[in-house]
2 protein chains.
Amino acid sequence: MGKHLTSREQDYSKWYNELVVKADLAQTSAVRGAMVIKPYGFAIWERIQADLDKRFKETGHMNAYFPLFIPKSYFSKEASHVEGFAKECAVVTHYRLMDDPNGSGVIVDPSAKLEEELIVRPTSETIIWNTYKDWIQSYRDLPILVNQWANVVRWEMRTRLFLRTSEFLWQEGHTAHATKQEAIAEAETMLDVYSTFVEEVMAIPVLRGVKTDGERFAGALETYCIEAMMQDGKALQAGTSHFLGQNFAKAFDVKFQTKEGTQEYVWATSWGVSTRLMGALIMTHSDDNGLILPPKLAPYQVVIVPIYKGQEQLDEISVVAEKLMQELRDNGVTVKYDNRDTHKPGWKFNQYELQGVPVRIAIGPKDLEKGTVEVARRDTLTKSFMDQSEVSTAIPVLLDEIQVELFEKALKFRDDHSQTVDTWEEFEILMKNNPGFVHAHWDGTQETEDKIKELTKATIRCIPLNNKLEEGKCILTGQPSIQRVVFAKAY
Amino acid sequence: MGKHLTSREQDYSKWYNELVVKADLAQTSAVRGAMVIKPYGFAIWERIQADLDKRFKETGHMNAYFPLFIPKSYFSKEASHVEGFAKECAVVTHYRLMDDPNGSGVIVDPSAKLEEELIVRPTSETIIWNTYKDWIQSYRDLPILVNQWANVVRWEMRTRLFLRTSEFLWQEGHTAHATKQEAIAEAETMLDVYSTFVEEVMAIPVLRGVKTDGERFAGALETYCIEAMMQDGKALQAGTSHFLGQNFAKAFDVKFQTKEGTQEYVWATSWGVSTRLMGALIMTHSDDNGLILPPKLAPYQVVIVPIYKGQEQLDEISVVAEKLMQELRDNGVTVKYDNRDTHKPGWKFNQYELQGVPVRIAIGPKDLEKGTVEVARRDTLTKSFMDQSEVSTAIPVLLDEIQVELFEKALKFRDDHSQTVDTWEEFEILMKNNPGFVHAHWDGTQETEDKIKELTKATIRCIPLNNKLEEGKCILTGQPSIQRVVFAKAY
């Protein structure tokens, strides 16, 4: 087939890179660090988008669109934001090209220099809060519950498809509230939306928690997060929701008149997930044969492949295939019938395995005689025969089963790779590999967190929400601690 | 109310600008020429997107995503493309900011200069064809039917909200074919998709035609277009579909092996519509009271406003309103119930009129007694009473009527502002105003077209498809002509 992947055991990172390309999800481009998302990969992203967008709207949000470019001076307005951000970004300095007087190409017109440079947005808090200033005068104008689907650019030095690219697609919610309580509740609601989506639709179990001071978003008072575990034992941050306090309102002077007639600064949140979720999806479920997709995100949940010799046999099989396809569609299943005669069945089997189509139905001449089809599950690679008359009702049930089992399998993997550790020796040895989630005591200081990272490359992924309080001693310093936090190596 | 608009007659351009802002569609931003699309405006754009996207998929296309940045050298590869494009665009020259050693702000890090400048895409033919080179080896890989929803940047000097902004949102289809015939058929199919959508959903009648050499897209062999007429008699190009021949395949060396084993260059099309459609929508239907929306694009088709004194009366009205709302939703109507006590009914009436909600239902205490509601049509500003029991069936019918009547009204306007002209004197006088579409003879030369534009500012909007052949003499030069073409002043 020529499509064999490097195995996960052999080289996990290489396996991932090969899978992304061979399954037609994405590829690198001529622009350093920017990817092309291919049609099949984008179809999965569209399903992620559509499902999330529906959840955002059900929780009262509307979409809007803000400019791609942000004046450079805006980044200086919120001090902690510029500290944590805005260093590695794409800078627009000119607005015109001209013919090269010395050649046949084009050069930048030196006379078309911008007075103030523009930054391609790495995130949009500053431009959005500069706009909210116009939208908010009174408590009647609040809350503002707005989301934006957009591309953003962060000039990353080491890039990997989906996981870390200089340009990526995301959504960023930016909300404005009259009270602190309401803003915190919003940040928590959106964390709920994310975790429900990631668990129910992507079939990826997540830990819900808050970040430490050191890992918090630049400009936030609290960063809520969901953390997933990949099959190599590394953690991946799948989404964040920030309570921003009044920092951006103060930086952009956004006040409102209260019901009582006083003037107060507005409270803010922001929250986002990105095409990074595609990386999480791939690395949670897939195997050495390629992608495994949860049925809820599969561009087609079922592919039907005819096994035939000659046009006459194909015609007979097509009658059955098209009937089954229609019945399945009527029951809400997305189906593709691949009757191309340019590719052989073996090639097709391999391709759909690589691309993670949850269920493959093969129909050959013997099936015509017996009134059966062969059903193959992508996730378990098991095959069985099924009566044609059962297909339309049995397949939707099977798809639901696959969805649930993928989640359970990932959950079991996470449980098997989570442990509590109480001594630094054990911690240090464990962290030489990627041990999964390590629950350990920490003294609560940034200094210790930094030291642990320096010594082991492990970071505190989160302090779980509703964490059990438990007295103990910091794994590194022995100082008193009131709870365990979750350490891991991370993407 | 403080919301009165300048009238169209008084100042059409000012009317437009005020309407866009006051109806909460869009506003200017801190970045020159870039707009903020506000939630209400964006909700309309989302409906445009969703409907078009469905049509693209029904005609076999898939979405993908290509990089925002294009290496400068790509623009030089297709000679006619760079000639017509790529001069006024945003240029990224650096990838890092640093703290200003002399102050508290940030400056561009001079050491972080890119080796080759990157252009923010003004359109994506070049980067996409550079990618298609990887995708296409054999006839089995064709056709490629891909679309991208994206933001693009063209550094416009004079900008207007939706009509001409430095950044705008659009979709760009880019297809690759084995034969010339297939590529031409694709370009024509997409023109059909556009014109059907614009007429049936946006209720805007369009002329379908091809552009002259002078107005053709840079790099195209044929540019198909749809042209709409605004209420000021000016034309607006609502969409274009280009047959690109083998120009981009040659520029990026994209060949394929035919069934017969020979190597040939691939044939191409590209096609696009943008947020400019929002401008067309506004200027086709709206009046001096604000926006008028065709029901198929309205974020909510019906708004219910309670007229009440005190909580008790509001509660009674709400029982009826919520029942009607549910019944309407069950019949596929989108409804908003505005029971906010922070705003008075008069303010709400005015606001929904400004925002173009097609049908307003008011319910007061007398309606409770009589079992009626007051129904107001936004397009005709007529009001009538309706039995509550009829609402759920009568309103969907009314919405369909409004949709059809808006189209018919616009079509009549266009017919009333279309004429044939045979003498230069008449043509020149007419063009001192915005006369609508003028069908006149033209000698077919670019020189004459340019001269007419110079003298009158009128351009040839299109040569209509299936144009009637008719011998005549060029309006300017008197040279022989075989058909009339459509002149107008244009946005």
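The next point concerns the overall build of chain A. When helices and strands are tallied, chain A shows 13 helices and 26 strands. Here the C-alpha atoms of chain A give a radius of gyration of 26 Å, agreeing with the 23 Å that 2.2 N^0.38 yields for 491 residues. By principal-axis analysis of the C-alpha atoms, chain A measures approximately 80 × 70 × 55 Å. Counting the 491 residues in chain A, one finds 48% classified as buried.

To continue, consider the interface of chain B and chain A. Between chain B and chain A, the residue contacts involve 57 residues of the former and 56 residues of the latter. Broken down by class, the residue content of the side of chain B that touches chain A amounts to 34 nonpolar, 13 polar and 10 charged. In the sheet, strand 5 (residues 91–94) of chain A pairs with strand 5 (residues 91–94) of chain B via three bridges, with the strands oriented antiparallel. In the sheet register, H94(A) faces strand 5 of chain B, and the bridge partner there is V91(B).

The next thing to look at is the relation of the copies chain B and chain A. Superposition record for chain B on chain A: RMSD 0.0 Å, screw rotation 180 degrees, translation along axis 0.0 Å. Accordingly, the operation relating the two chain copies is best matched by a two-fold axis. Of the C-alpha atoms belonging to chain B, the one lying closest to the rotation axis is found on V92(B), 2.1 Å away. Here 98% of the interface residues in chain B have copies in chain A that are interface residues too; the copies meet face to matching face.

Further remarks concern helix 8 (residues 310–330) of chain B. For the α-helix, the turn length of 3.6 residues means that residues three or four positions removed from each other point alike. Residue and element names in this part refer to chain B. Between its first and last C-alpha, helix 8 extends 30 Å over 21 residues, near the 30 Å set by a 1.5 Å rise per residue. Listing the buried residues of helix 8 in full gives I317, A321, L324, M325 and L328. Against strand 17 (302–306), strand 18 (335–337), strand 19 (359–363), helix 10 (365–370) and helix 11 (391–416) lie the buried residues of helix 8. Two residues or fewer past helix 8, G332 is found with a positive phi of approximately 80 degrees.

This part covers the environment of L163(B). All names here are of chain B. In this structure, L163 sits in the loop between strand 9 (144–153) and strand 10 (167–177). The class of L163 is buried, set by 21 C-beta atoms lying within 10 Å. Separated by 64 residues in the primary sequence, L163 and E227 have C-alpha atoms spaced 14 Å apart.

We now examine the sheet that holds strand 21 (residues 383–387) of chain A. Residue and element names in this part refer to chain A. Pairing is mixed in the open sheet, where five strands are placed in the order 18-17-19-20-21. One side of each edge strand has no neighbouring strand; the edge strands of this open sheet are strand 18 (335–337) and strand 21. For this sheet, the mean inter-axis angle between neighbouring strands, taken without regard to orientation, is 25 degrees. When strand 17 (residues 302–306) meets strand 19 (residues 359–363), the two strands line up parallel, connected through five bridges. In the strand pairing of strand 19, P306 is matched with I363.

Among the nonpolar cores identified, the biggest contains 300 residues, and A238(A), V302(A), I304(A), A238(B), V302(B) and I304(B) are the most heavily contacted of them. In contact with V302(A), other than residues within four places in its own chain, are L328(A), V333(A), V335(A), V359(A), I361(A) and I395(A).

On to the sheet that holds strand 21 (residues 383–387) of chain B. Two strands in a sheet stick together by hydrogen bonds in their backbones, pointing the same way (parallel) or opposite ways (antiparallel). All names here are of chain B. A sheet is described by the order of its strands in space; here five strands give the open sequence 18-17-19-20-21, paired in mixed fashion. Lying at the two open borders of the sheet, with one neighbouring strand each, are strand 18 and strand 21. Each strand of the sheet is rotated relative to its neighbour by a mean of 25 degrees, with strand direction disregarded. Bridge count for strand 20 (residues 372–377) against strand 21 is five bridges, and the pairing is antiparallel. For E374, the partnering residue across the bridge sits in strand 21 and is F385. Across the sheet, helix 9 (residues 345–354) touches strand 17 and strand 19, and the angle it forms with strand 17 is around 170 degrees.

On to the packing of helix 8 (residues 310–330) of chain A against helix 11 (residues 391–416) of chain A, then. Residues and elements named next belong to chain A. In contact at an axis separation of 9 Å, helix 8 and helix 11 are set at 50 degrees when each is read in the N-to-C sense. When the axis of helix 8 is compared with that of helix 11, the two are oblique. For the pair helix 8 and helix 11, the crossing hand works out as right-handed. Side by side, helix 8 and helix 11 meet where L324, E327 and L328 of the first sit next to V391, S392 and I395 of the second. Here the contact of helix 8 with helix 11 is built from residues that sort into four nonpolar, one polar and one charged.

Glancing now at unusual backbone geometry. Cis geometry marks the peptide bond from L142(A) to P143(A), where omega comes out at -5 degrees. For P143(A), the position within the fold is in the loop between helix 4 (125–135) and strand 9 (144–153). With a phi close to 70 degrees, F162(A) is a non-glycine residue in the positive phi region. Residue classification places F162(A) among the buried residues on the basis of 25 C-beta atoms within 10 Å. Located in the positive-phi region is L381(B), a residue other than glycine, with phi close to 60 degrees. Note on placement: L381(B) falls in the loop between strand 20 and strand 21. Overall, L381(B) belongs to the exposed group, with 11 C-beta atoms counted inside 10 Å.

Moving on, we get to helix 5 (residues 180–200) of chain A. Residues and elements named next belong to chain A. Here helix 5 is 21 residues long and its end C-alpha atoms lie 30 Å apart, about the 30 Å a rise of 1.5 Å per residue gives. Among the residues of helix 5, those classed as buried are A183, E186, A187, M190, L191, V193, Y194, S195, F197 and V198. Against the buried residues of helix 5 lie helix 2 (39–58), strand 10 (167–177), strand 11 (207–210), strand 12 (222–229), strand 13 (235–245) and strand 16 (267–274).

Glancing now at the pairing of strand 19 of chain A. All names here are of chain A. Buried residues dominate strand 19, accounting for four of its five residues. Relative to strand 20 (residues 372–377), strand 19 is paired through four bridges, and the arrangement is antiparallel. Of the residues in strand 20, the one forming a bridge with V359 is R377.

Right, let's talk about the environment of F487(B) for a bit. Residues and elements named next belong to chain B. Its place among the elements puts F487 in strand 26 (residues 480–488). What makes F487 buried here is the crowd of 28 C-beta atoms within 10 Å. When the C-alpha positions of F487 and T420 are compared, they lie 10.0 Å apart, and in sequence the two are 67 residues distant. Setting aside residues no more than four positions away along its own chain, F487 makes contact with V438, A440, A458, I460 and R461.

What follows is about the pairing of strand 10 of chain A. Residue and element names in this part refer to chain A. Burial within strand 10 is extensive, with nine of its 11 residues counted as buried. Both strand 9 and strand 10 contribute to a ladder of 10 bridges, which runs antiparallel. Bridged to N147 within strand 10 is G173. As paired elements, strand 10 and strand 16 share eight bridges and run antiparallel to each other. The residue bridging W170 from the neighbouring strand is S274, located in strand 16.

All right, on to the confidence of the model for chain A then. If pLDDT is low for a region, its predicted coordinates should not be looked at in detail. On average, residues of chain A score 95 in pLDDT, and 98% of them are at 70 or above. Predicted as a complex, the structure gets a pTM of 0.96 and an ipTM equal to 0.96.

The next thing to look at is the environment of C474(B). Residue and element names in this part refer to chain B. For C474, the location among the structural elements is in the loop between strand 25 (469–473) and strand 26. Taking C-alpha positions, C474 is 4.6 Å from H441, a pair spaced 33 residues apart along the chain. For C474, the contacting residues outside a window of four places in its chain are H441, W442, D443, T448, Q479 and S481.

Here is what the cut-offs are and how they apply
- Residues numbered from 1 in each chain as written.
- Chains lettered and ligands numbered in written order.
- Predicted model: local features only at pLDDT ≥ 70, side-chain atom pairs only at ≥ 80, totals over all residues.
- Helix = DSSP H or I, 4+ residues; strand = E, 2+ residues; numbered from the N terminus.
- Rg over C-alpha atoms; globule rule 2.2 N^0.38 Å.
- Buried ≥ 20, exposed ≤ 12 C-beta atoms within 10 Å, placed from the backbone.
- Contact = placed C-beta atoms within 7 Å.
- Nonpolar A, V, L, I, M, F, W, Y, C, P; charged D, E, K, R; others polar.
- Pairing = 2+ DSSP bridges.
- Least-squares fit on C-alpha atoms with pLDDT ≥ 70 in both.
- Expected span 1.5 Å × (residues − 1).
- Axes fitted to C-alpha atoms, helices over the stretch in contact; angles between N-to-C directions.
- Core = buried A, V, L, I, M, F, W, Y, C linked by C-beta atoms within 7 Å.
- Parallel < 35°, antiparallel > 145°, perpendicular 65-115°, else oblique.
- Left-handed = near helix turned anticlockwise from the far one by under 90°.
- pLDDT = per-residue confidence, 0-100.

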